[in-house]
Structures are given as structure tokens and as C-alpha cells.
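Descriptive analysis of the structure
Chain by chain, the residues run as shown.
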Amino acid sequence: MSLPVGVLISGGGSNLQALIDRKQTGVLDVTIQTVISNNSGVKGLERAVEHGIPTQVLPHQNYPDRQSYDRALVRALRDAGAQAVVLAGFMRLVGPELLAAFPGRVLNIHPALLPSFPGLHAQDQAAEYGVRLAGCTVHFVDEEVDHGPIIIQAAVPALPNEGAEALGSRILALEHRIFPQAVQWLAEGRLEVQGRHVVVRPGARPVATKDALPPCLIFPSLEEGF
Ligand code: GRF
């Protein structure tokens with residue numbers, strides 16, 4: 001049975017689009033019951049409407065505190081029939097009430113190789129720091145910021161002085177690959193959390209050999225003989 005999910009966004013919704021695209025190619029078996037944004041007029045809402053997905057705008061400013069906002073989110077998600085929550089560029093912290101309402105069923109995508117660079121502007125943080133490898137992480141959400149058990153990560157080389165925008169767009173392209181995969185693992189009930197570790201149980205689908213990644217990523221490249 002297709003997993004009914006609610007997707008929370010704040011902006012452009014390119015990760016939402018990646019989920020919609022993978023649904024259309026038939027590899028992602030979820031039903032997006034609702035797309036909820038805390039901001040009105042964002043592109044992500046348009047993307048949802050274009051695909052006939054019900055949308056809701058819940059402006060956080062309309063709520064006196066985090067707890068009441070959380071409660072409103074839970075109500076909206078439940079009323080829509082969601083059984084899991086996908087944070088796809090949702091720039092608000094979710095609190096204990098939402099986590100308790102969907103235990104082990106809230107995923108987030110973060111544009112850094114956690115635990116490096118949690119919080120806002122992760123791509124800028126990585127670019128400024130001068131890391132050689134940057135990337136993205138899909139993880140279960142817990143009560144700390146960008147902290148829960150890690151499901152999947154993807155790395156890209158970070159070029160000196162390329163700036164956060166170029167780095168961010170290379171990271172984003174990989175976000176679009178790993179996020180739908182992680183959501184599908186959740187939908188198939190294949191993710192087992194053991195403390196901080198997430199085990200992905202084997203499934204029926206073979207590993208994609210055409211896109212198989214090298215076993216390690218070293219950047220800059222080693223010279224012959226090393
Ligand atoms: C992505 O980089 C995501 O990792 C971060 O916010 C951005 C959202 O982009 N949490 P989009 O709205 O999915 O295009």
C-alpha cells in the first residue's frame with residue numbers, strides 16, 4: 001500500500017518536485033496527501049497545484065508560540081490523512097508534539113554532510129570553511145537541529161573559491177537523488193533505527209549499477225603512485 005505522506009516546504013520546492021518526478025516514473029510509492037508551506041506564494045505550492053496535490057498555507061507568524069504552531073501542523077497533517085512527514089526545505093523547527101504524532105516517521109533533507117554544518121546556510125558555511133568534500137544528508141528528525149539518525153548521504157567535491165551558489169547547486173542535484181530514495185525506504189518499512197545507526201534492510205530492487213558511485217571520493221585527486 002502506498003504510504004500517505006505530508007510534505008512540508010518553505011520555498012522553491014525542488015525537492016518536492018524530485019519526489020513528484022520519482023512518483024511519476026513509478027519508483028516512489030507514496031501518496032502526497034498534502035503540501036503544507038509556512039510561506040504563501042512560494043513556487044513549491046505552485047508545483048503541488050500543477051500536480052493536483054492539495055496545499056495548505058500555515059503561516060507560523062499567526063501562532064503565539066512553537067507549541068501551538070506544532071499542534072496546528074499535526075492537525076493539518078492528520079486531517080489530510082498523512083502517516084509520515086517529509087520536510088523538504090521546511091525552514092522551521094518541528095517540536096515534540098509533531099514528533100510524537102509521527103514517531104519514527106519524520107524525515108529531513110539537509111544540504112551538508114552532517115554533523116558538519118547544521119542549521120541555516122549550510123552550503124555557505126561549507127564553502128567558507130574550505131572543505132574539500134561537501135554534500136547532503138537525509139536523516140530522521142529528532143528534537144535537536146539537524147541531528148537525528150542518518151539514513152543516506154551524498155558527497156561532492158568542493159572547489160576552492162567556487163562560492164556557495166555553485167557548490168549549492170551541485171549539492172542540490174544530489175539531494176534530488178537521495179531524498180526520494182530515502183522516502184521510498186521509509187515507505188517500504190525498510191529502515192531500522194538502532195541507536196544512532198540506521199540499517200537499510202534489503203529490498204527487491206537491485207542497486208543501480210549505471211549510477212554506482214566509486215567506493216570512495218578523494219578530492220583533490222591523488223597523483224599516480226600514491
Ligand atoms: C534544500 O537545499 C534543502 O536541503 C534545504 O532547503 C533547500 C530547499 O530547497 N533544507 P527546495 O525548496 O527543495 O528547492
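Right above here is the structure, for reference.
Calculation criteria
Residues numbered from 1 in each chain as written. Predicted model: local features only at pLDDT ≥ 70, side-chain atom pairs only at ≥ 80, totals over all residues. Heavy atoms only, no water. Near = heavy atom within 4 Å. Polar contact = N/O pair within 3.5 Å; in protein donor to acceptor, adjacent residues only side chain to side chain. Areas by Shrake-Rupley, 256 points an atom, 1.4 Å probe, with all protein chains shown as cover. Helix = DSSP H or I, 4+ residues; strand = E, 2+ residues; numbered from the N terminus. Axes fitted to C-alpha atoms, helices over the stretch in contact; angles between N-to-C directions. Parallel < 35°, antiparallel > 145°, perpendicular 65-115°, else oblique. Left-handed = near helix turned anticlockwise from the far one by under 90°. Contact = heavy atoms within 4.5 Å. Nonpolar A, V, L, I, M, F, W, Y, C, P; charged D, E, K, R; others polar. Expected span 1.5 Å × (residues − 1). Buried < 20%, exposed > 50% of the residue type's maximum accessible area, 1.4 Å probe, protein only.

Remarks on the site of the ligand
Within the structure, the ligand sits among Gly12, Gly13, Ser14, Asn15, Gly89, Ile109, His110, Pro111, Gln123, Leu172 and Glu175. Within the side chain of Ser14, a nitrogen or oxygen atom sits 2.5 Å from an oxygen atom of the ligand. Within the side chain of Glu175, one N or O atom sits 2.7 Å away from an oxygen atom of the ligand. Notes on the ligand: free accessible area 370 Å², of which the protein chains cover 83%. For the shell around the ligand, the elements supplying multiple residues, two or more each, are α1 (14-25), β5 (106-110) and α6 (163-187).

Focus on the packing of helix α5 (residues 122-129) against α6
Where α5 meets α6, the closest approach of the two axes is 9 Å, and the angle between their N-to-C directions is 120 degrees. Taken together, the axes of α5 and α6 are oblique relative to one another. As α5 packs across α6, the resulting crossing turns out to be right-handed. Of the residues in α6, those touching α5 at Gln123, Asp124, Ala126 and Ala127 are Gly163, Ala164, Leu167, Gly168 and Ile171. Split by residue class, the contact of α5 with α6 holds 5 nonpolar, 3 polar and 1 charged.

Digging into helix α3 (residues 66-79)
Given 3.6 residues per turn, any residue in an α-helix points the same way as the ones three and four places further on. Relative to the 20 Å expected for 14 residues at 1.5 Å per residue, α3 spans 20 Å between its end C-alpha atoms, a close match to the ideal helical length. Taken together, the buried positions of α3 are Ser68, Tyr69, Asp70, Ala72, Leu73, Val74, Ala76 and Leu77. Looking at the buried residues of α3, the elements they touch are β1 (3-9), β2 (30-37), β3 (55-57), β4 (84-87) and α4 (96-101). After α3 finishes, the residue Gly81 shows a positive phi value of roughly 85 degrees.

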